[in-house]
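Tertiary structure, described
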Amino acid sequence: MEAEAGAKVEEKTKKKKKKKKKSSSSTPAPTSTPCTKSLCINLSGYTDYYVANGQTEPPTIPVSQLYKGKKFPTGEIMEYHQDFNRSRITDEEKMALDGRIADTGFYETVREAAEVHRQVRSYAQSFIKPGIKLIDMCERLEEKNRELVQEAGLERGIGFPTGCSINHVAAHYTPNCGDNTILQQGDVCKVDFGTQIDGRIIDCAFTVAFDHKYDNLLKAVQEATDAGIRNAGVDVRLCDVGAAVEEVMESYEVEIDGVTYPVKCIRNLNGHSIGQYQIHAGQSVPIVDNGDQSKMLEDQMYAIETFGSTGRGHVIEDGECSHYMKNFDAQRVPLKLNSAKKLLAHVNKTFGTLAFCRRWLERDDGGSFTVNSLQGKQERYITGLKSLCDAGIVQAYPPLVDSPGCYTAQYEHTILLRPTCKEIVSKGTDY
């Protein structure tokens, strides 16, 4: 097919660019050779890729120290391919604007957060395997995230709770305390987590599976995400990005245990623009042609994420809620319950408008050692949390599920629509 052929040509170009990056002077001198492969299908590269950059195995050096005195790695650069955008790469006015933005430190902040994400997820891929408790997986990943980003409250830390949605659950599931769910050999698990520095959030996800019968499902979603990225650009209509994703995704079928299923886009899930301390900043990037004529904006960050399903291709909210977030534009509302007032004060100083989960509230540090030391654990907070949700101050995000028995997959990257080019800031050797 034409879309697949285009993807292959694009991949050859990417490989050439990666080779050039390896010789860049901005990368620390190699000290070791990566050698460990992930057990997860459809992930390339080495889980210990970072040792070539001077990192330890397992990684213990904060990324800011690892690159001290050097520039952080630049994401994959793609030129805008639309006719109305081709000249941006050489336009002197756009080049000057790009330089002024770079001078603010914005690009370096985003790239540091992206490198933290790459190292954390690569490390996680080394221990994600059948038999691990999902709560242990999430806590181990999150502790490494805090360590490598040098958690400092709202200044730098985790972007949002680690999602590990299984099978027909597509998104917004992370274990609450006491949830002892174990990852099974036949599961399809979406690992979705974020890093943030100065509120600049890297939102990036991949799918974990161990059985090759899911190959086509994962391939369909990964290639659909790549198609969305290729077609994104300044002044591109959002519906055109969705159409490109839909064309690739729904060209696939997958045979599971002797039954052939069409791979469907989950039509009511979307990518989104990302603002400072605002994971969903107003624009939704569809994964089907929904007719939205709104255009993508210059100098904006976007999460290009796609979801594929062997089920109905539509999700509903169902199950115990774990994810919460203070509404970005929450109005001041009088609260009657002391428990609600106490919890809101904790949320404001610890998370601000970043997403959080119940597990974090129940940690000794309440979600941030920098902010609360070991005096942050929230006790008997459920009634207060419900009150904040009822008042419209905090939004609950329950798990999003497709039809029971089906399988769903997700891939996601954060991109930056610079004045001159498109930068896939979260791109790694794994996907």
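To be clear, the structure that these remarks concern was listed above.
Below is a short write-up of the structure. (Residues numbered from 1 in each chain as written. Predicted model: local features only at pLDDT ≥ 70, side-chain atom pairs only at ≥ 80, totals over all residues. Heavy atoms only, no water.)

Turning to the overall build of the chain, a few remarks are in order. When helices and strands are tallied, the chain shows 11 helices and 18 strands. Here the C-alpha atoms of the chain give a radius of gyration of 21 Å, agreeing with the 22 Å that 2.2 N^0.38 yields for 431 residues. Counting only C-alpha atoms, the chain reaches 60 × 55 × 45 Å along its principal axes. Summarising the internal contacts of the chain: among those between residues at least 6 apart in sequence, 75% fall at separations of at least 24. As displayed, the chain has an accessible area near 18200 Å², and 49% of this comes from carbon and sulfur atoms. (Helix = DSSP H or I, 4+ residues; strand = E, 2+ residues; numbered from the N terminus. Rg over C-alpha atoms; globule rule 2.2 N^0.38 Å. Contact = heavy atoms within 4.5 Å. Areas by Shrake-Rupley, 256 points an atom, 1.4 Å probe, with all protein chains shown as cover.)

The subject of this paragraph is the sheet that holds strand β15 (residues 394-397). The antiparallel open sheet is built from three strands, whose spatial order is β14-β13-β15. The outermost strands of the open sheet, each flanked by one partner alone, are β14 (356-357) and β15. Inspection of the sheet shows strand β13 (residues 323-326) paired to β15 by four bridges, in the antiparallel sense. Bridge assignment links Tyr324 to a residue of β15, and that residue is Ala396. Sheet strands in contact with helix α11 (residues 382-390) are β13, β14 and β15, and its direction is about 105° off that of β15. (Pairing = 2+ DSSP bridges. Axes fitted to C-alpha atoms, helices over the stretch in contact; angles between N-to-C directions.)

By size, the foremost hydrophobic cluster in this structure holds 85 residues, and its most contacted members are Ile128, Met137, Val191 and Leu218. No other element matches the 10 residues that helix α4 (residues 106-127) contributes to this core. With sequence-adjacent residues up to four places away left out, Val191 is seen in contact with Ile128, Met137, Leu141, Gly163, Cys204, Ala205, Phe206 and Val208. Of all hydrophobic cores here, the second largest spans 18 residues; its members include Tyr324, Ala340, Val347 and Trp360. (Core = buried A, V, L, I, M, F, W, Y, C linked by side-chain atoms within 4.5 Å. Buried < 20%, exposed > 50% of the residue type's maximum accessible area, 1.4 Å probe, protein only.)

Attention now goes to helix α8 (residues 338-350). An α-helix turns once per 3.6 residues; consequently, residues spaced three or four apart project the same way. The end-to-end C-alpha distance of α8 is 18 Å, a good match for the 18 Å that 13 residues give at a rise of 1.5 Å each. Among all positions in α8, only Ala340, Leu343, Leu344, His346, Val347 and Thr350 are buried. The buried residues of α8 occupy an angular sector of 160° when the element is viewed end-on, so they sit on one face. Where the residues of α8 are buried, they touch β13, β14, α9 (358-361), α10 (369-372) and α11. Positive backbone phi, at 60°, marks Gly352, one or two positions downstream of α8. (Expected span 1.5 Å × (residues − 1). Arc of directions from axis to C-beta.)

Any functional reading would require information that these geometric values do not contain.
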